[in-house]
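What follows is the residue order along each chain.
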Amino acid sequence: MKTESVYFSLGSNLWDRRANILTAVSKMDAAFGVHYSSLSKIIETVPWGFFSARNFLNCVILYHLDIDSDSKSEEDACLEILRKCQKIEKDMGRDDEMEITNEGDRVYHDRIIDIDFLFCGTIRLHHQDLILPHPLIAQRDFVMLPLQEVAEPVLYAEFPDLFESK
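Residues numbered from 1 in each chain as written. Predicted model: local features only at pLDDT ≥ 70, side-chain atom pairs only at ≥ 80, totals over all residues. Heavy atoms only, no water.

### Brief notes about the side chain of aspartate 114
Structurally, aspartate 114 is set in strand β7 (residues 114-120). Reaching out from aspartate 114, the side chain makes a polar contact with the side chain of arginine 94 at a distance of 2.6 Å. Not counting the four nearest positions on each side in its chain, aspartate 114 is found in contact with Ser9, Leu10, Gly11, Glu89 and Arg94. (Helix = DSSP H or I, 4+ residues; strand = E, 2+ residues; numbered from the N terminus. Polar contact = N/O pair within 3.5 Å; in protein donor to acceptor, adjacent residues only side chain to side chain. Contact = heavy atoms within 4.5 Å.)

Now the structure itself:
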C-alpha cells in the first residue's frame, strides 16, 4: 500500500449549489473513510460545453488515499474510487445517463452534483470507464483555477503539459 494524492473536481448548477457541493464532500469523506486534505475555494463559473440558464459552482478537493501499488491493483482501486463517486452522484439525485451526439460529442446537462475524478497520484490509466489524468483538465478553467490552489508540486512535475499555459 502507498498513499496517493487523489484529486476531484466538484460542480453543481441546480438548487442550492453550495449545499450540494458540501453534501457531496461530506459523503466523500464517509465513502473514503478519511477527511479531505485540501479543498479549494468554491468559484462560480459559466457552463462548459452546453447552454444552461444557471451558472455552476465548482471546486477541487484533494484526498490522500491508500492505494495498492501493483498496476492491476492500482486500476482496481481507481475504478472502486470512481464507483464510490458515481454512487454519491446517484444518491444525491443525479440521474442523467451519458448522451452522445451522432457526431460523437458528449451532450451535457444541468446537474445536482458532478464529481470528476482528475488524478490518482501520478498513475496513468486508460480504461473504458476511466482515464487518468482526466483528459479534459487543461481545457477547463473551472477545473484548472481551483486545482492550482490545492495541487501538490509533484503534480506540476509529473504533468507539466497541463500546467504550462495556466
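### Digging into helix α1 (residues 17-32)
End to end, α1 covers 22 Å across 16 residues, agreeing with the expected 22 Å (1.5 Å per residue, within 8%). Within the span of α1, buried status applies to Arg17, Asn20, Ile21, Ala24, Val25, Met28, Asp29 and Phe32. (Expected span 1.5 Å × (residues − 1). Buried < 20%, exposed > 50% of the residue type's maximum accessible area, 1.4 Å probe, protein only.)

### Comments concerning unusual backbone geometry
Glycine aside, the phi torsion of most residues is negative, and most peptide linkages are trans. The residue after leucine 132, namely proline 133, is reached through a cis peptide bond having omega -5°. Looking at the secondary structure, you find proline 133 in the loop between β9 (130-132) and α3 (141-150). The phi torsion at tryptophan 15 lies on the positive side, around 55°, for a residue other than glycine. With respect to the element layout, tryptophan 15 can be found in the loop between β1 (2-12) and α1.

### Thoughts on the pattern of salt bridges
With the rule as written, the count across this model stands at nine salt bridges. Aspartate 91 is the partner of lysine 87 in a salt bridge, and the nearest nitrogen-oxygen pair spans 2.7 Å. Of this pair, lysine 87 and aspartate 91 both sit in helix α2 (residues 71-91), four residues apart, which is roughly one turn of the helix. For the salt bridge of arginine 124 with glutamate 158, the shortest nitrogen-to-oxygen distance reads 3.3 Å. Linking arginine 124 in the loop between β7 and β8 (125-127) with glutamate 158 in helix α4 (residues 153-158), this pair joins segments that are 34 residues apart in sequence. (Salt bridge = Lys/Arg side-chain N within 4 Å of Asp/Glu carboxyl O.)

### Focus on the environment of lysine 2
With respect to the helices, strands and loops of the structure, lysine 2 is situated in strand β1. For the pair lysine 2 and histidine 64, spaced 62 residues apart in sequence, the C-alpha separation works out to 9.7 Å. Setting aside its immediate chain neighbours within four residues, lysine 2 contacts Leu65, Asp66, Ile67, Ser69 and Glu74. Reaching out from lysine 2, the side chain makes a polar contact with the side chain of glutamate 4 at a distance of 3.2 Å.

### Some details on the state of the cysteines
In this structure the tally under the stated criterion is zero disulfides. Here cysteine 59 stays free of any disulfide, with the sulfur of cysteine 85 as its closest cysteine sulfur at 12 Å. (Disulfide = S-S within 2.5 Å.)

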